[in-house]
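An overview of the molecular structure
The primary structure of each chain is shown beneath.
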Amino acid sequence: QVHLVESGGGLVQAGGSLRLSCAASGRFSSYTMGWFRQAPGKEREFVAAISWSGGSTYYADSVKGRFTISRDNAKNTVYLLMNSLKPEDTAVYYCAASSSVVAVRLRFYEYWGQGTQVTVSS
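A few points on the structure. Please read these numbers as outputs of a predicted model, since none were measured by experiment. (Residues numbered from 1 in each chain as written. Predicted model: local features only at pLDDT ≥ 70, side-chain atom pairs only at ≥ 80, totals over all residues. Heavy atoms only, no water.)

Time to look at the packing of aromatic side chains. Counting across every chain of the model gives six aromatic pairs. Between Phe36 and Trp112, the ring centres sit 5.0 Å apart and the planes meet at 55 degrees, which makes this aromatic pair tilted. On the criterion of sequence distance, the pair formed by Phe36 in strand S4 (residues 32–38) and Trp112 in strand S10 (residues 111–112) is long-range, its members being 76 residues apart. A relative accessible area of 27% means that Trp112 is categorised as partly exposed. The rings of Phe36, Phe46, Tyr94, Tyr109 and Trp112 are connected pair by pair, giving a single aromatic cluster. Directly above the ring of Tyr94 sits Arg44, whose terminal nitrogen or CZ lies 3.6 Å from the centroid. When the ring centre of Trp112 is taken as origin, the NZ or CZ atom of Arg44, which lies over that ring, is 4.9 Å away. (Phe/Tyr/Trp six-rings, centres within 6.5 Å; stacked < 30°, edge-to-face > 60°. Helix = DSSP H or I, 4+ residues; strand = E, 2+ residues; numbered from the N terminus. Buried < 20%, exposed > 50% of the residue type's maximum accessible area, 1.4 Å probe, protein only. Lys NZ or Arg CZ within 6 Å of the ring centre and 35° of its normal.)

Once that is clear, we can look at unusual backbone geometry. One non-glycine residue with positive phi stands out, namely Asn76, at about 55 degrees. As for its placement among the helices and strands, Asn76 is situated in the loop between strand S7 (67–72) and strand S8 (77–82). You will see that Ser84, though not glycine, has its phi angle at about 50 degrees, which is positive. On the accessibility criterion, Ser84 (40% relative accessible area) is partly exposed.

In this section: the environment of Thr119. Assignment of secondary structure puts Thr119 in strand S11 (residues 116–121). Separated by 17 residues in sequence, Thr119 and Val102 have C-alpha atoms that sit 29 Å apart. Excluding residues within four positions of it along the chain, Thr119 makes contact with Gly10, Leu11, Val12 and Thr90. (Contact = heavy atoms within 4.5 Å.)

Shown next, in the form of structure tokens:
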């Protein structure tokens, strides 16, 4: 069992940056961790994922080169650094945990946080 709590969302101007954090309880270091987002009226979509060791990372094409996922297993925390933010990045961002070795699809994630709102103004 893993309990996830996201933080760090907020309102930022286009071109700005935010860093999201996801604090986890349980056997955090055993899980692949991912970030997903859901904009109003749209389906939840994959943003980024990181392997249990942090050695492998995966990104959606829409955020590649702008977002960076990282984790600190000693602090049971995963981060998402978001640079060069665009209005189309506006969404609720969710942290999730997967027992799969590689997981970019939503259905492979067993545990989810409650989400944090990110709003990018133009």
